[in-house]
Amino acid sequence: MKIRRPRLPRTRTGQRRLVQSVMAACVLALLPATWLYMSTADRLRTTADAPRTPVAVVFGAGLWNGEPSPYLAHRLDAAAKLYRAGRIEVVLVTGDNSREDYDEPDAMRAYLTRHGVPGTRIVSDYAGFDTWDSCVRARKIFGVDRAVLISQDFHIRRAVALCEAAGIDSYGVGVAAKHDVTWYYGGTREVFAAGKAALDAVLRPDPRFLGPKERGVSRALAAGR
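The rules behind these values
- Residues numbered from 1 in each chain as written.
- Predicted model: local features only at pLDDT ≥ 70, side-chain atom pairs only at ≥ 80, totals over all residues.
- Heavy atoms only, no water.
- Helix = DSSP H or I, 4+ residues; strand = E, 2+ residues; numbered from the N terminus.
- Buried < 20%, exposed > 50% of the residue type's maximum accessible area, 1.4 Å probe, protein only.
- Contact = heavy atoms within 4.5 Å.
- Areas by Shrake-Rupley, 256 points an atom, 1.4 Å probe, with all protein chains shown as cover.
- Axes fitted to C-alpha atoms, helices over the stretch in contact; angles between N-to-C directions.
- Parallel < 35°, antiparallel > 145°, perpendicular 65-115°, else oblique.
- Left-handed = near helix turned anticlockwise from the far one by under 90°.
- Nonpolar A, V, L, I, M, F, W, Y, C, P; charged D, E, K, R; others polar.
- Pairing = 2+ DSSP bridges.
- Right-handed = clockwise from strand over helix to strand, strands pointing away.
- 1 Å grid on protein atoms, 1.4 Å probe; cavity = no way out; pocket = protein on both sides within 12 Å on 5 of 7 lines; lining within 4 Å.
- Points joined across faces, edges and corners; volume = space filled by probe spheres on them.
- Salt bridge = Lys/Arg side-chain N within 4 Å of Asp/Glu carboxyl O.
- Core = buried A, V, L, I, M, F, W, Y, C linked by side-chain atoms within 4.5 Å.
- Patch = residues over 30% accessible without salt bridge, like charges linked within 9 Å, V, L, I, M, F, W, Y side chains within 5 Å.

A few points about the overall build of the chain
Next up, step 1: Broken down by element type, the chain carries seven helices and eight strands.
Next up, step 2: The burial tally for the chain puts 44% of its 225 residues in the buried class.
Next up, step 3: Once local pairs closer than 6 in sequence are excluded, the contacts in the chain between residues at least 24 apart make up 73%.
Next up, step 4: Accessible surface, the chain: about 12,900 Å² in total, of which carbon and sulfur atoms supply 56%.

What follows is the structure, encoded as C-alpha cells:
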C-alpha cells in the first residue's frame, strides 16, 4: 500500500494560507512558555538574596544507585546553604516513592543530614510524582502557604507558576547546571511541559494521590521555636 505524500498548495493564495497556519500553530505552541516566563519574572532569586521563608521545597530529580543524581544533589546543596544561612527553617523534600526499591525523599533526607540539616527540620512527601502534585500536596496536605522553591534553572519557572496556582506564595531559586546533554534535554522538555502546566493551572486537577493532612511541617517549625 502506497503512502501518499501531502501535496503542497500550488497557488500563491494556498501557499500563503499554509504559511499563516504554520505560524499560528507555532505561536499557540509557545504561548504556555511565554506565560511561564512572564508570570514568574519577579519571583526568581538566588541563594544569596532569597527571602527569609519558613519552608523550602526541593523537588526530586532522580537517583543514581540509590543516591541523589548530580542534578538533585545540586538542589539539595542549595537547600542546605539556605538553612545554614538562616534563610529557611524547614526543608520539604518531595519526590517519587511509587515502588519499594525507589525512594527519592529518603535519599534526599539522608543527603541533607550529611550536609548539616537536622533530621527534625526535614519533612518528606513520598507522593510528589510530578511538579503539580508536589505543589498541591505541599499546600493541601502539609499546609505550606509560603515557600522558597529549589530546582534547576530550566525548571524553576514552571515550579513557581504551578505552586502559585496551587495557592503558595512562592519564590524560586534556580540552581545553575553544566550545559550537558541532560541540561539540553531538560530545557527542551520544558517547552512541551509548559502546555501541561497551563492546563493544570487552569483545570487544577487533584494529584494522583492526595491522602490525609499531615502536620510534619507545622511540627518541625514549632520544634525550632
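What follows picks up the thread again.
Thoughts on the packing of helix α4 (residues 131–140) against helix α5 (residues 156–165)
Next up, step 1: Orientation of α4 relative to α5, taken along the N-to-C sense of each, is 40°, at an axis distance of 9 Å. Comparing their axes, α5 and α4 come out oblique. Along this stretch, α4 crosses α5, giving a crossing that reads as right-handed. Facing Thr131, Trp132 and Cys135 of α4, the residues of α5 in contact are Arg158, Ala159, Leu162, Cys163 and Ala165.
Next up, step 2: When grouped by side-chain class, the residues that make up the contact of α4 with α5 number six nonpolar, one polar and one charged.

A word on the pairing of strand β7 (residues 146–152)
Next up, step 1: Among the seven residues in β7, six count as buried, and that is most of the element.
Next up, step 2: Two strands pair when backbone bridges link them, and strand β2 (residues 53–59) and β7 are joined in this way by four bridges, in the parallel orientation. The residue of β7 that forms the bridge with valine 58 is isoleucine 150.
Next up, step 3: Looking at chain direction, β7 and strand β8 (residues 169–175) are connected through seven bridges and run parallel. Counterpart to alanine 147 in the pairing with β8 is serine 170.
Next up, step 4: Following the backbone out of β7, through α5 and into the adjacent parallel β8, one traces a crossover that is right-handed.

Brief notes about the layout of surface pockets
Next up, step 1: Counted as a void, the largest pocket has a volume near 770 Å³.
Next up, step 2: Along its surface, the largest pocket is lined by 35 residues, and Gly60, Ala61, Gly62, Arg75 and Arg189 are the ones closest to its centre.
Next up, step 3: Broken down by secondary-structure element, the contributors of at least two residues to the lining of the largest pocket are α2 (70–84), α4, α5 and α6 (181–203).
Next up, step 4: Per-element tally for the lining of the largest pocket: the top contributor is α6, with nine residues.

A closer look at the pattern of salt bridges
Next up, step 1: Going through the model one piece at a time under the given rule, you end up with eight salt bridges.
Next up, step 2: Glutamate 164 is the salt-bridge partner of arginine 43, the closest N and O atoms lying 3.5 Å from each other. One end of the pair, arginine 43, is in the loop between α1 (12–39) and β1 (44–45); the other, glutamate 164, is in helix α5, with 121 residues separating them in the sequence.
Next up, step 3: Note on glutamate 164: relative accessible area 33%, which makes it partly exposed.
Next up, step 4: Note that aspartate 125 is salt-bridged to arginine 137, the shortest N-O span being 2.8 Å. Taken together, the residues span a long stretch of sequence, with aspartate 125 in strand β6 (residues 122–125) and arginine 137 in helix α4 at a distance of twelve residues. Accessibility assignment for this pair places aspartate 125 and arginine 137 in one class, buried.
Next up, step 5: Salt bridges linked by common partners bring Arg43, Arg146, Glu164 and Asp169 together as one network.

Some thoughts on the nonpolar core
General note: in soluble globular proteins, nonpolar side chains tend to be found buried as a group.
Next up, step 1: Among the nonpolar cores identified, the biggest contains 28 residues, and Leu92, Val144 and Leu149 are the most heavily contacted of them.
Next up, step 2: Of all the elements in the fold, those that place two or more residues in this core are β2, β5 (88–94), α4, β7, α5, α6 and α7 (216–223).
Next up, step 3: Tallying contributions element by element places α5 first for this core, with six residues.
Next up, step 4: Setting aside residues up to four positions removed in sequence, valine 144 forms contacts with Val55, Leu92, Ala138, Arg139, Ile168 and Val217.
Next up, step 5: The next biggest cluster of nonpolar side chains, apart from the first, holds 26 residues, and it includes Ala56, Leu76, Met108 and Ile122.

Some details on a nonpolar patch on the surface
Next up, step 1: Side chains of Leu199, Val202 and Leu203 sit close together on the surface and give an oily, nonpolar patch of about 350 Å² of accessible area.
Next up, step 2: Mapped onto the fold, leucine 199 is located in helix α6.

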